[in-house]
Amino acid sequence: MEMYEELHYWLVDQPMISEFKWKEGETFGGSTQFLVTSVITYLSLTATIHFIILPTSKSTPQNPSSPKSPGLLRFVSTIHSLILLNLSFVMAIGCILSTLSQMLNTRWIFCFPADTPPSGPVFFWAYVFYLSKILEFVDTLLILLNRGNRRLTFLHVYHHAVVLVMCYVWLQTSQSLLPVALVTNALVHTLMYTYYMLCALGKRPPWKRLVTDCQIVQFMFSFGVSMVMLWFHFTGNDGCSGIWGWVFNAVFNASLLALFTDFHTKNYAKKKDSRGKRID
């Protein structure tokens, strides 16, 4: 009990968390300018490295005396994955405890009351989740730097770029279903980055397909709980907060479901060797 209370304090009751307020233009990262700049910078650097720098370096004769550091790259990949798997797990636990503390009733989990302000512990973890998506941009750099058999895909770049916009919309619109979406996504990412960390350590697990399956189930689950939210929205007096944010989220999730299903079909249903491909 004492351990739970300690955990609850550091993940819910700590003043920085319990008194958190998202303020557009004031909170770090809380402006459309920051969002647009981050996405454009990510896409520009990715395109520059992928289409200009890497092809040029491949066509340039290598200096036999130039050092190669695959060990350093594996080390960086391991640390990066370790940080994100732990951060994802903490966000999931923090959001669960915050939801139990902040919710008015069971309905609140699915449907925030209209005009709910983006404040309190649940929105703090949504904010951390938002910033963590910028840290995940490093995934792309690691793929590009790896000269092995991993390759960059449209799914990867599209996912990383648009998910940052989605998280911003969560906060900006106080979007209903935010707790459910955050917890399920963070748990899936805990599993995913555990897989990546083990791969970086040279111990590739045999359950790569499980990660993709979990991501597909996550998107299907999001549509299922959305039906609950829509029922509350249209049967209640004031509707649910952030309905237009949910529309954007639903379209994005539908596109990801289609892309992940296509990935699954090409890499597993046809039993192709996909050992070198990143799946997120």
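Provided above is the structure to which this section pertains.
Residues numbered from 1 in each chain as written. Predicted model: local features only at pLDDT ≥ 70, side-chain atom pairs only at ≥ 80, totals over all residues. Heavy atoms only, no water.

Hey, could you go over the pattern of salt bridges for me, with residue numbers and the actual values?
Enumeration over the complete set of coordinates arrives at 3 salt bridges. Among the salt bridges present, the one from Lys133 reaches Glu136, with a minimum N-O distance of 3.1 Å. Each member of the pair Lys133 and Glu136 is classed as buried. (Salt bridge = Lys/Arg side-chain N within 4 Å of Asp/Glu carboxyl O. Buried < 20%, exposed > 50% of the residue type's maximum accessible area, 1.4 Å probe, protein only.)

How would you sum up the state of the cysteines? Please name residues and give values.
One covalent bond between the sulfur atoms of two cysteine residues makes up a disulfide. Tallying each qualifying case throughout the model produces 1 disulfide. Shown here is the disulfide that connects Cys111 with Cys240, its sulfur atoms set 1.9 Å apart. The S-S bond linking Cys111 to Cys240 shows a torsion near -110 degrees; that makes this disulfide left-handed. Of the two residues, Cys111 sits in the loop between helix 5 (106-110) and helix 6 (121-135) while Cys240 sits in the loop between helix 10 (208-235) and helix 11 (243-269), which places them 129 residues apart along the sequence. Cys240 carries the same exposure label as Cys111, and that label is buried. (Disulfide = S-S within 2.5 Å. Helix = DSSP H or I, 4+ residues; strand = E, 2+ residues; numbered from the N terminus.)

Please set out the packing of aromatic side chains residue by residue, giving values where relevant.
Applying the stated criterion across every chain yields a total of 21 aromatic pairs. On the basis of an interplanar angle of 75 degrees and a centroid distance of 5.9 Å, the ring pair of Phe20 and Phe124 is categorised as edge-to-face. With a gap of 104 residues between them, Phe20 in the loop between helix 2 (15-18) and helix 3 (32-59) and Phe124 in helix 6 connect regions that are remote in the sequence. Residue classification places Phe20 among the buried positions, given a relative accessible area of 9%. On the accessibility criterion, Phe124 (10% relative accessible area) is buried. Consider the rings of Phe112 and Phe123, whose centres lie 5.6 Å apart with planes at 50 degrees: the pair is tilted. Of the two residues, Phe112 is situated in the loop between helix 5 and helix 6 and Phe123 in helix 6; the sequence distance between them amounts to 11 residues. Of the two residues, Phe112 and Phe123, both sit in the buried class. Each member of the aromatic cluster is reached from another via a ring pair, and the members are Phe20, Trp22, Phe124, Trp125, Tyr127, Tyr130 and Tyr168. (Phe/Tyr/Trp six-rings, centres within 6.5 Å; stacked < 30°, edge-to-face > 60°.)

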